[in-house]
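What the coordinates show
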Amino acid sequence: MEAERLKRLEAAARQVRYDIVEAIGNIGIGHFGGALSIVEVLTVLYFSQMNASPANAKDPGRDKLVLSKGHAGPALYAVLAQKGYFPRETLFTLNQGGTSLPSHCDRNLTPGIDMTTGSLGQGLSVAIGMALADRMDGRKNRIFAIIGDGESDEGQVWEAAMAASQYGLSNLIAFTDYNKMNIDGLTSEIMNLDDLGAKWRAFNWNVLRTDGHDLEAIDRAIDAARLESDRPTMIILDTIKGKGCSIAEGKLSSHNMAISKEQKEKALGELSAAMGELS
Amino acid sequence: MSARDMRDAYCEALVELAEEDERIVLLEADLMGANGTTAFKEKFPKRFFNAGVAEANMVSMAAGLAVCGKIPFAASFACFAARRAYDQFFISVNYARAKVNLTGTDPGISAVFNGGTHMSFEDIGLMRGIPGLVIYEPADDISLKALVKEAAYHPGPTYLRLHRKGASSLYAQGEEFRLGKAKVLRDGADIAILATGYLLVPEALKAAELLAGEGIDAAVIDLHTIKPLDEELVLHYAKKTGAVMVCENHQVATGVGSAVAMFLSENLPTRMQCIGIRDEFGQVGDLAFLKQRFGLNADRIFHKARELLGRKGE
Ligand SMILES: Cc1ncc(C[n+]2csc(CCOP(=O)(O)OP(=O)(O)O)c2C)c(N)n1
Ligand SMILES: [Mg+2]
């Protein structure tokens, strides 16, 4: 990737992270951990890979994303605001009565949200339906989906795994946010996923694995996934829950965390210092 | 003793049961912390199973444990306990007569910031359709603890609708409770307000105060057991007052109100008014906003009661 492009992506990602912390910090509680772990993949998708913008929001041929781990909505909202789907100020209505930004993604409320999620385990199946429909109608777009590692406990995920390869959905590119954490503990202790790549390979998916906080590596992985002609791709992203925010990073407590005004200010201070370094 | 957080009272009941009876086991689906049962796991690690984010698997696992002699409690948010694992609860548990106690937490609008996907306005309805199932929703920590202990030894499966956050005691320590026997919190002759759960019972009491200010003598009944309905008490108050209100944090259709309405229409047709959700999905917001948005508050109960009485005897 050219240096200039990478720099732009880095700046976008830092703004997304800042906006997540400010928006959740504003209401005082929210799903920090799982939002911060997908900042890089969302940034690469919306600022490098996806054919999706406010201008084509109603075009059936656009690329679409199902954020199956819907509790990470605030991360996607920060990206959508930066893309211009709605004003940045809207971010600060998060979870307030009457808002268009509920904690879990809602396609009927939020411009740019392609699918409603929040009940874990359903999103990958929905993405399969979208990929089937778009293929039936001869569209050349891609369907993207992001699932959680804890979410992968749900049996429906593996029903979807079978179906996507049965139908040879090469237009489907999925990600697992492998942050190694559920809510109640480490994924390895709650419900061990063992060799996650081997599981997806056994279901006949094309499987790639990369550092989920490395923008260039994610971009390359998606480029590689696009070359696949008859199978769906699962890109396993090694991530850190709460990444980039010292009160949350690597902490189990970051899942749905209360944050005081002081903590919020401190976190925003850290993040703006990081943004300063970059420019 | 001051009131304990509802989920702490729930966990205390489970721990006390488990201390007495080694058949008691607990299952969670990655919401142990949220449901307040970490202390159970710490005390009885061998009798605790975290199924991960896999509610359907958890409920059928509980059935297997029950069939082999254990007394399982299994929990998730009400939306997932009821909706996600309904067929497993129906078939593996109820149809197979496996004695499992299922707990659904954050019922109705108490899911607050988790929003519409997490708001169960239909779990009572789903559960009412299961033959013989006991459904209960205690309004405070004292009744919660007592009823959980009774549910453990009720011969069939049970469903606990548990408001998990908040601490308030409506009853004195040591008060006795029986599943299926509602509690009269306030006697009255003009109208009977039946209410269910942590949010609505206190609102009904407040409404009764407002009504008293207008010379209206309202009875308030804590209908902690939704099924089986305390028919005797309902009938008694319908006869006595001739006006019945039912208040619930749930859809009116298929909820507590419809259970009471069906019973009365067959036995003693009575003027009624139901407070609850009217054919809508949930949405995100804080509790104060949601109570107002869905009309689950004393003010609305008060106004609807006056309306009902205005029509009475026409
Ligand atoms: C069906 C269902 N069960 C339970 C929940 C509650 N819940 C929300 S997030 C979560 C843990 C998910 O873990 P993971 O997928 O690893 O999310 P992340 O670590 O990325 O935040 C749970 C149990 C839910 N939203 N849906
Ligand atoms: Mg995780």
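Before reading further, recall that the structure is shown in the block above.
Quick word on the overall build of chain A
A count of helices and strands for chain A gives ten helices and seven strands. Its C-alpha atoms give chain A a radius of gyration of 18 Å, near enough to 19 Å, the size a compact globule of 279 residues would have. Over its C-alpha atoms, taken along the principal directions, chain A stretches across nearly 50 × 45 × 40 Å. Going through the 279 residues of chain A one by one, you find that 58% of them count as buried. Within chain A, the 36 negative side-chain charges are centred at a point lying 3 Å from the centre of the 29 positive side-chain charges.

A look at the site of ligand 1
Near ligand 1 you find 23 residues, and of these A:Lys69, A:His71, A:Asp149, A:Lys241 and B:Glu55 are the closest. More than one chain reaches ligand 1: its neighbouring residues belong to chains A and B. Side-chain polar atom of A:His71 to an oxygen atom of ligand 1: 2.7 Å apart, as the coordinates give it. Within the backbone of A:Leu120, an N or O atom sits 3.0 Å from a nitrogen atom of ligand 1. When ligand 1 is considered free in solution it has 590 Å² of accessible area, and contact with the protein chains removes 99% of it. Within the shell around ligand 1, the residues separate by chemical class into five nonpolar, nine polar and nine charged.

Topic: the interface of chain A and chain B
With 28 residues of chain A at the contact, the number on the chain B side is 21 residues. Carbon and sulfur atoms make up 52% of the surface buried where chain A meets chain B, a total of about 1700 Å² over both sides. Contact with chain B buries surface across chain A, with A:Asn95, A:Glu154 and A:Asp184 losing the most and accounting together for 29% of the total. Scanning the region where chain A abuts chain B turns up one salt bridge. Notably, a salt bridge pairs B:Arg84 with A:Glu154, separated by 3.7 Å at the nearest N-O pair. Across the contact surface, chain A and chain B share 14 residue pairs in polar contact (both at pLDDT 80 or more). For the side of chain A that touches chain B, the residue count by class is seven nonpolar, 17 polar and four charged.

Some words on the coordination of the magnesium ion (ligand 2)
Residue and element names in this part refer to chain A. Binding of the magnesium ion (ligand 2) to the protein goes through Asp 149 (OD), Asn 179 (OD1) and Met 181 (O), at separations of 2.0 to 2.1 Å. Look at where the donors of the magnesium ion (ligand 2) fall in the sequence and you get D-x29-N-x1-M. What makes Met 181 buried here is its relative accessible area of 11%.

Focus on the side chain of A:Asn95
Summarising the element assignment, A:Asn95 is placed in the loop between helix H4 (73-83) and helix H5 (123-136). Given the relative accessible area of 4%, A:Asn95 is considered buried. Apart from residues lying up to four places away in sequence, A:Asn95 is in contact with A:Ile27, A:Leu101, A:Pro102, A:Ser103, B:Phe113, B:Val284 and B:Gly285.

Digging into helix H6 (residues 155-166) of chain A
Residues and elements named next belong to chain A. Its twelve residues place the ends of H6 17 Å apart at the C-alpha level, agreeing with the 16 Å of an ideal helix rising 1.5 Å per residue. Residues of H6 that are buried: Val 157, Trp 158, Ala 160, Ala 161, Ala 164 and Ser 165. Each buried residue of H6 lies within a common arc of 155 degrees when the element is viewed along its axis, so the set occupies one face. Within H6, the exposed residues directed more than 90 degrees away from the buried face are Glu 159, Met 162 and Gln 166. Buried residues belonging to H6 abut H5, strand E3 (143-148), strand E4 (172-178) and helix H8 (196-202). A positive backbone phi angle near 55 degrees is found at Gly 168, which sits one or two residues after H6.

Some details on the nonpolar core
Ranked by internal contacts, the top residues of the largest apolar core, which has 65 residues, are B:Tyr10, B:Phe40, B:Phe73, B:Val148 and B:Ile191. With nine residues, helix H1 (residues 6-20) of chain B is the single largest residue contributor to this core. Taken together, domain 1 (6-162) and domain 2 (183-308) of chain B each give at least three residues to this core, which thus spans both. With near-sequence residues (within four places) excluded, B:Phe40 lies in contact with B:Cys11, B:Leu14, B:Val15, B:Ala18, B:Ile24, B:Val25, B:Leu26, B:Arg47 and B:Phe48. Listed in part, the 59 residues of the second largest apolar core include A:Leu6, A:Ala221, A:Met257 and A:Ile259.

Calculation rules
Here, residues in each chain are numbered from 1, in the same order as that chain's written sequence. By the order in which they are written, chains take letters starting at A while ligands take numbers starting at 1. Local features in this predicted model are restricted to residues of pLDDT 70 or higher, and side-chain atom pairs are both shown and tallied only at a pLDDT of 80 or more, whereas totals for entire chains, interfaces and linings draw on every residue. Calculation of side-chain values draws on the structure's entire complement of heavy atoms; hydrogens and water are dropped beforehand. Counting from the N terminus, the helices are the DSSP runs of H or I reaching at least four residues and the strands are the DSSP runs of E reaching at least two. For the radius of gyration, the atom set is restricted to C-alpha positions; the globular benchmark scales as 2.2 Å times the number of residues to the power 0.38. Each residue is placed in one exposure class: buried if its accessible area under a 1.4 Å probe, protein chains only, is under 20% of its type's maximum, exposed if it is over 50%, and partly exposed if it falls in between. Just so you know, the count uses Lys and Arg for positive and Asp and Glu for negative, and it drops His and the chain ends. Just so you know, the charge point we use is NZ for Lys, CZ for Arg, CG for Asp and CD for Glu. In these notes, residues near a molecule or strand are those with any non-hydrogen atom within 4 Å of it. Any N or O atom pair separated by 3.5 Å or less is treated as a polar contact, with the protein-specific requirement of one donor-capable and one acceptor-capable atom, and with residues adjacent in sequence counted only for side-chain atom pairs. Working definition of accessibility: Shrake-Rupley area with a 1.4 Å probe, residue cover restricted to the visible protein chains. Only Asp, Glu, Lys and Arg are considered charged in this grouping, and only Ala, Val, Leu, Ile, Met, Phe, Trp, Tyr, Cys and Pro are considered nonpolar; every other residue, Gly among them, is considered polar. Residue contacts follow a heavy-atom distance rule, with two residues in contact if any of their heavy atoms lie within 4.5 Å. Values labelled buried area give the accessible surface lost by two parts on being combined, using a 1.4 Å probe and summing over both. Put simply, a salt bridge is a Lys or Arg side-chain nitrogen that is within 4 Å of an Asp or Glu carboxyl oxygen. Coordinating N, O and S atoms are those within 2.8 Å of the metal (3.2 Å for Na, K and Ca), and as water is not part of the atoms, a site may appear to have fewer donors than expected. Here the expected span of a helix is defined as 1.5 Å times the quantity of residues minus one. Arc, as used here, means the arc of the directions from the helix axis to the C-beta atoms. In plain words, nonpolar cores are sets of buried Ala, Val, Leu, Ile, Met, Phe, Trp, Tyr and Cys residues tied together by side-chain atoms within 4.5 Å. Domain boundaries shown here were taken from an automatic or database domain assignment.

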